[in-house]
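# Close look at the chain arrangement
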Amino acid sequence: MPFQRIQPEKLSQSVVRQIELLLLRGVLRPGERLPAERVLAERLGVSRPSLRDALAELQDRGLLESRAGAGVFVAELLDSAFSDSLVRLFAEHDEALFDYISFRRDMEAMSAERAARLGSDTDLAVINTLYQRMEAAHQKRDPTEEAQLDAEFHLSIVEASHNIIMLHMMRAMFDLLHKGVFYNRQMIFRQRATRSDLLAQHKAINAAIQARDPVAAHAAATAHLDFVERIMNDFKRSEHNEAIARLRYEHSQESL
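Bear in mind that the values here come from a model prediction, so they are computed numbers and not experimental data.

About the cut-offs
Residues numbered from 1 in each chain as written. Predicted model: local features only at pLDDT ≥ 70, side-chain atom pairs only at ≥ 80, totals over all residues. Heavy atoms only, no water. Axes fitted to C-alpha atoms, helices over the stretch in contact; angles between N-to-C directions. Helix = DSSP H or I, 4+ residues; strand = E, 2+ residues; numbered from the N terminus. Parallel < 35°, antiparallel > 145°, perpendicular 65-115°, else oblique. Left-handed = near helix turned anticlockwise from the far one by under 90°. Contact = heavy atoms within 4.5 Å. Nonpolar A, V, L, I, M, F, W, Y, C, P; charged D, E, K, R; others polar. 1 Å grid on protein atoms, 1.4 Å probe; cavity = no way out; pocket = protein on both sides within 12 Å on 5 of 7 lines; lining within 4 Å. Points joined across faces, edges and corners; volume = space filled by probe spheres on them. Core = buried A, V, L, I, M, F, W, Y, C linked by side-chain atoms within 4.5 Å. Buried < 20%, exposed > 50% of the residue type's maximum accessible area, 1.4 Å probe, protein only.

Our next topic: the packing of helix 1 (residues 11–24) against helix 3 (residues 48–60). In the contact formed by helix 1 and helix 3, the axes pass within 8 Å of each other and the chain directions differ by 50°. Classified by the angle between their axes, helix 1 and helix 3 sit oblique to one another. Seen from above, helix 1 lies across helix 3 with right-handed handedness. Taking contact as the criterion, the partners of Leu11, Ser12, Gln13, Val15, Val16, Ile19 and Glu20 in helix 1 are, on helix 3, Ser50, Leu51, Asp53, Ala54, Leu55, Glu57 and Leu58. When the residues that make up the contact of helix 1 with helix 3 are grouped by side-chain class, the tally is 8 nonpolar, 3 polar and 3 charged.

If you want it as structure tokens, here you go:
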């Protein structure tokens, strides 16, 4: 018979499984600090020795890390998504930039569509709150805050798609963007006309998701990344033209 005796599970293993699921579902984020040991043990309803055993196992597996005098943190798992050598290649070749934008366009359009269909009321409220904060930052003309909220807005849509593979992949993509591997988002938000266009595009994405219109959400997200691609094409062309102009100028000065 294919039946086996049920073995009682140690409390520490129950804690491990709960934290694993929170990491997998993206509830606990890379770099996030866990509550203090006493508080966490109380919340989980386990003894502190059982909690310590669970945290030690998760640290051994590289999911958590202990920082002296600071506590226990979710490991920066995204750092290992791409090797340093590959990240340098990404940064040095424009081909990677435009493939990155293309990848984001496909994934974010799908995420927006799924968020409109599958997002909970709480998911949609989070997305809407972030959009409203973007509007406020736009009025303050703060490119740094706008760029940060832009990333949070797009990631909130990915979270609302409820696809854990997509979530972790897109977090890795935005981590590269945050580090400036492909381009500086603040550069885009410093341009007044561009900022207004971007806000209108985010408004369209938000409105479609709030209306639970998957087709409109997909189209709005696609149009937004098409616009970003055009901006980057124009910027790269401008850089190229400037480099040629400098060469001509330097050559003309040498000829004098």
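Picking up where we left off.
The phi dihedral of Arg141 falls on the positive side, at around 55°, and the residue is not glycine. On the secondary structure map, Arg141 appears in the loop between helix 6 (121–140) and helix 7 (143–160). A positive phi angle, near 55°, is found at His162, a position not held by glycine. Of note, His162 is situated in the loop between helix 7 and helix 8 (164–178).

This brings us to empty space enclosed by the protein. One pass over the full model with this rule turns up 2 cavities of 30 Å³ or more. Quantified by volume, the second largest cavity comes out at close to 40 Å³. Lining the second largest cavity we find Glu108, Ser111, Ala112, His154, Ile157, Val158, Ile205 and Ala221. For the lining of the second largest cavity, the secondary structure elements donating two or more residues are helix 5 (94–118) and helix 7.

Right, let's talk about the nonpolar core for a bit. Counting residues in each nonpolar core, the largest one holds 27 residues, and the members touching the most others are Phe82, Ile101, Met170, Met173, Phe174, Leu176 and Met232. Those elements that provide at least two residues to this core are helix 4 (84–92), helix 5, helix 7, helix 8 and helix 11 (214–254). Element by element, the count of residues in this core is highest for helix 8, at 8 residues. Among all residues touching Met170, those that are not within four sequence positions of it are Phe103, Arg104, Met107, Glu108, Leu155 and Val158. Residues Ala115, Ala116, Leu130 and Ala217 belong to the second largest nonpolar core, which totals 21 residues.

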